[in-house]
Amino acid sequence: MKKQIAILGSTGSIGTQALQVIEEHPDLYEAYALTANNRVDLLIEQARKFLPEAVVIANEEKYLQLKEALSDLPIKVYAGADALCQIVESQPIDIVLASMVGYAGLRPTMNAIKAGKTIALANKETLVVAGELINALANQYRTPILPVDSEHSAIFQCLEMNTPVEKVILTASGGPFRTYTMEQLQQVTKAQALKHPNWEMGAKITIDSASMMNKGFEVIEAKWLFGVRPEQIEVVVHPQSVIHSMVQFEDGAVKAQLGMPDMRLPIQYAFSYPERVKSSFERLDFAKVTDLTFEQPDTKRFRNLALAYEALHQAGNMPCIVNAANEVVVAAFLKDNISFLGMSDVIEKTMGRVAYIKEPSYEDYVATDAEARCIAEELIINSK
């Protein structure tokens, strides 16, 4: 039986690569549902090629265009945020690949967990915003959450059954500005920030990587995925992106997972787990990889990493506040409405102004997200 896969965010970087994995293994996997936020033309193209049971466009204004373009095919067409949440509950679905960008991925992921679907988690904001709630739901409904982020997949692959972990070590490329001075960082442009040295990703995650907020989010995510304390999560800058992350055990032994910087490998592993499936992906050539280097991250130049650790220590709704503020500042930076270093200033001020809740409910997360966005937007306007 082929595994039926729903891809939330099929037109994004992770979604398109997931479809490449499905295309390479048509005997093992089938795209049951494809969803997108705005990119209706690419969604139409994907639907015509992979013939899913259903497609969903979150932007309801694009519904008619999508429906008309697929009218000659037996594909169900839906639109809107509620349809996204409902499609993941479809009975035939085995795996939901949560690869939507940002806070928008939280509610559909929760619905998929409640429906008992295996979650292949690429949307890190879901655990950043509401890790405690997601873990409680996953335990309640006995739903596996398999990491798709290359770093968390690496840790997942290194873990040993019943062997306590001393710490997990997340590697970071350092992004395009690893060697920049504070003076140079003040002049960084959007075009520069969108050029990642090792990975091809969407705009939001590329900016997060440049500011190291992406790594900060991965630190928070690691706590919930692997049940480790904040002090057991270390970040090391590894510019070559060959070692994807490491685990150190209580006897001092360190295990690392290595590979080419190719997201199809962790995507495929999440789909095939616990088996491994043969692939045509490029292999690591040690004749070419002759230099692996490591540095400590600089949290003075890249304050977002420090802010993420602070949010993790405070817990409660603080990571939700950081995520909401970050989504606002990244959107503003992409419109040239805030400077690169100004993003951290707004996030830090937002953390101090939104009401702190120690044990938030889902409704509290929704209210926190809205409040933090308003405050961050106000701070951006007032900083001009």
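Because the structure is predicted, anything quoted here is derived from the model rather than measured. (Residues numbered from 1 in each chain as written. Predicted model: local features only at pLDDT ≥ 70, side-chain atom pairs only at ≥ 80, totals over all residues. Heavy atoms only, no water.)

A. Highlighting the domain arrangement of the chain. Examined at the domain level, the chain breaks down into domain 1 (3-147), domain 2 (150-297) and domain 3 (316-383). Summarising the inter-unit geometry, the C-alpha centres of domain 1 and domain 3 are found 27 Å apart. Taken together, the 10 residues of domain 1 in the interface contact 9 residues of domain 3. Note on domain 1 versus domain 3: buried area summed over both sides is about 850 Å², and carbon and sulfur give 62% of it. Among the residues of domain 1 in contact with domain 3, Tyr-103, Val-128 and Val-129 are the three that bury the most area, contributing 57% of the side total. Run the count over domain 1 and domain 3 and you get 0 salt bridges. For the interface between domain 1 and domain 3, the tally reads 1 residue pair in polar contact (both at pLDDT 80 or more). (Domains from an automatic or database assignment. Contact = heavy atoms within 4.5 Å. Buried area = accessible area lost by both parts, 1.4 Å probe. Salt bridge = Lys/Arg side-chain N within 4 Å of Asp/Glu carboxyl O. Polar contact = N/O pair within 3.5 Å; in protein donor to acceptor, adjacent residues only side chain to side chain.)

B. The pattern of salt bridges, seen in detail. Going through the model one piece at a time under the given rule, you end up with 22 salt bridges. The salt bridge involving Lys-204 is made with Glu-125; its shortest N-O contact spans 3.2 Å. Linking Lys-204 in helix 10 (residues 203-211) with Glu-125 in helix 6 (residues 124-140), this pair joins segments that are 79 residues apart in sequence. As far as the burial class goes, Lys-204 and Glu-125 line up, both buried. Between Lys-255 and Glu-160 there is a salt bridge, with the nearest N and O atoms lying 3.3 Å from each other. In this pair, Lys-255 is assigned in strand 11 (residues 254-258) and Glu-160 in the loop between helix 7 (150-158) and strand 8 (165-172), connecting sequence segments 95 residues apart. Under the relative-accessibility criterion, Glu-160 is labelled partly exposed at 35%. (Helix = DSSP H or I, 4+ residues; strand = E, 2+ residues; numbered from the N terminus. Buried < 20%, exposed > 50% of the residue type's maximum accessible area, 1.4 Å probe, protein only.)

C. View of the sheet that holds strand 5 (residues 95-98). Spatial strand order, 4-3-2-1-5-6-7: 7 strands in an open sheet with parallel pairing. With one partner strand each, in any of the chains shown, strand 4 (76-79) and strand 7 (145-147) form the two edges of the open sheet. Ignoring which end each strand starts from, the neighbouring axes of this sheet average 20° apart. (Pairing = 2+ DSSP bridges. Axes fitted to C-alpha atoms, helices over the stretch in contact; angles between N-to-C directions.)

D. Region of the structure containing the environment of Ala-122. In this fold, Ala-122 is placed in the loop between strand 6 (118-121) and helix 6. For Ala-122, a relative accessible area of 13% puts it in the buried group. Residues Ala-122 and Ala-98, 24 residues apart in the sequence, show an inter-C-alpha distance of 5.6 Å. Not counting residues up to four positions away in its chain, the partners in contact with Ala-122 are Ile-14, Leu-97, Ala-98, Ser-99, Val-148 and Asp-149.

E. Fine view of the UniProt feature "domain: DXP reductoisomerase C-terminal" (unreviewed entry) in the chain. Listed under "domain: DXP reductoisomerase C-terminal" (unreviewed entry) in the UniProt record, and renumbered for this structure, are residues 258-373. Taken as a whole, residues 258-373 contains 53% helix and 1% strand, while its terminal C-alpha atoms sit 38 Å from one another. (UniProt positions renumbered as here; feature names shortened; annotations may be inferred.)

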